[in-house]
Amino acid sequence: MSLPEAHISSLLVQVSPEHLKTTKKLIEDFEEAEVYGVSEVGKIVVVLETQSEGFITDVIEKINDMPGVLGATMVYHQIDIEPNNNNLIHDTSNSVSEEQV
């Protein structure tokens, strides 16, 4: 059984300025994507929140295939794993009792 994961990543997308509005709209159509910044010279900052690393590479490939895109580069990636608290065992062998303090 795998643990639930959250993958947070950011991308820098460089696009020809004449394609900026169209590319921004196409990126916003991805449910897991959010545009955090746009530069009129053709740069878009995108943040993705996904449950798998494979989705990130899929999105990068799709963005790279968009008209006018010069490149999409991942600049940050963090994986948060939520431990399953039901499987944790509390080890008291090294605990100090109140009487020992």
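Up top is the structure these notes are about.
I will try to describe carefully the structure that is included in this document. (Residues numbered from 1 in each chain as written. Predicted model: local features only at pLDDT ≥ 70, side-chain atom pairs only at ≥ 80, totals over all residues. Heavy atoms only, no water.)

**Overview of the sheet that holds strand S4 (residues 69–81)**
So, point 1. Strand order in this open sheet of four strands is S2-S3-S1-S4, and the pairing throughout is antiparallel. Looking at strand neighbours, the two that pair on one side only are strand S2 (33–39) and S4, the edges of this open sheet. Strand-to-strand, the axes of this sheet are offset by a mean angle of 15°, without reference to chain direction.
So, point 2. Relative to strand S3 (residues 43–50), strand S1 (residues 5–15) is paired through eight bridges, and the arrangement is antiparallel. Directly across from Ile8, in S3, lies its bridge partner Glu49.
So, point 3. Across the face of the sheet, helix H1 (residues 20–28) comes into contact with S1, S2, S3 and S4 while running at roughly 160° to S2.
So, point 4. Its contacts with the sheet put helix H2 (residues 53–64) on S1, S3 and S4, and the angle it makes with S4 is roughly 170°. (Pairing = 2+ DSSP bridges. Helix = DSSP H or I, 4+ residues; strand = E, 2+ residues; numbered from the N terminus. Axes fitted to C-alpha atoms, helices over the stretch in contact; angles between N-to-C directions. Contact = heavy atoms within 4.5 Å.)

**Description of the pattern of salt bridges**
So, point 1. As enumerated under the stated definition, the model contains two salt bridges in all.
So, point 2. The closest approach of N and O atoms between Lys24 and Glu28, which form a salt bridge, is 2.8 Å. Taken as a pair, Lys24 and Glu28 lie in helix H1 at a separation of four residues, close to a single helical turn.
So, point 3. Given a relative accessible area of 28%, Lys24 falls into the partly exposed group.
So, point 4. For Lys25, the salt bridge identified is with Asp29, shortest N-O distance 2.7 Å.
So, point 5. In this structure Lys25 comes out as partly exposed when scored by relative accessible area, which is 47%. (Salt bridge = Lys/Arg side-chain N within 4 Å of Asp/Glu carboxyl O. Buried < 20%, exposed > 50% of the residue type's maximum accessible area, 1.4 Å probe, protein only.)

**Concerning the environment of Ser39**
So, point 1. Its location among the elements puts Ser39 in strand S2.
So, point 2. Through-space distance from the C-alpha of Ser39 to that of Pro17 is 9.0 Å; in sequence the pair is 22 residues apart.

**Remarks on H1**
So, point 1. Looking only at H1, the buried set comprises Leu20, Thr23 and Ile27. Buried residues of H1 fall within an arc of 70° about the axis and therefore sit on the same side.
So, point 2. Where H1 is buried, its residues meet S1, S2, S3, H2 and S4. (Arc of directions from axis to C-beta.)

**Digging into H2**
Side chains that are three or four residues apart share a direction in an α-helix, a result of its 3.6 residues per turn.
So, point 1. For H2, with twelve residues, the first-to-last C-alpha span of 17 Å sits near the 16 Å given by 1.5 Å per residue.
So, point 2. On its buried side, H2 packs onto S1, H1, S3 and S4. (Expected span 1.5 Å × (residues − 1).)

Worth remembering: the numbers are spatial, not functional.
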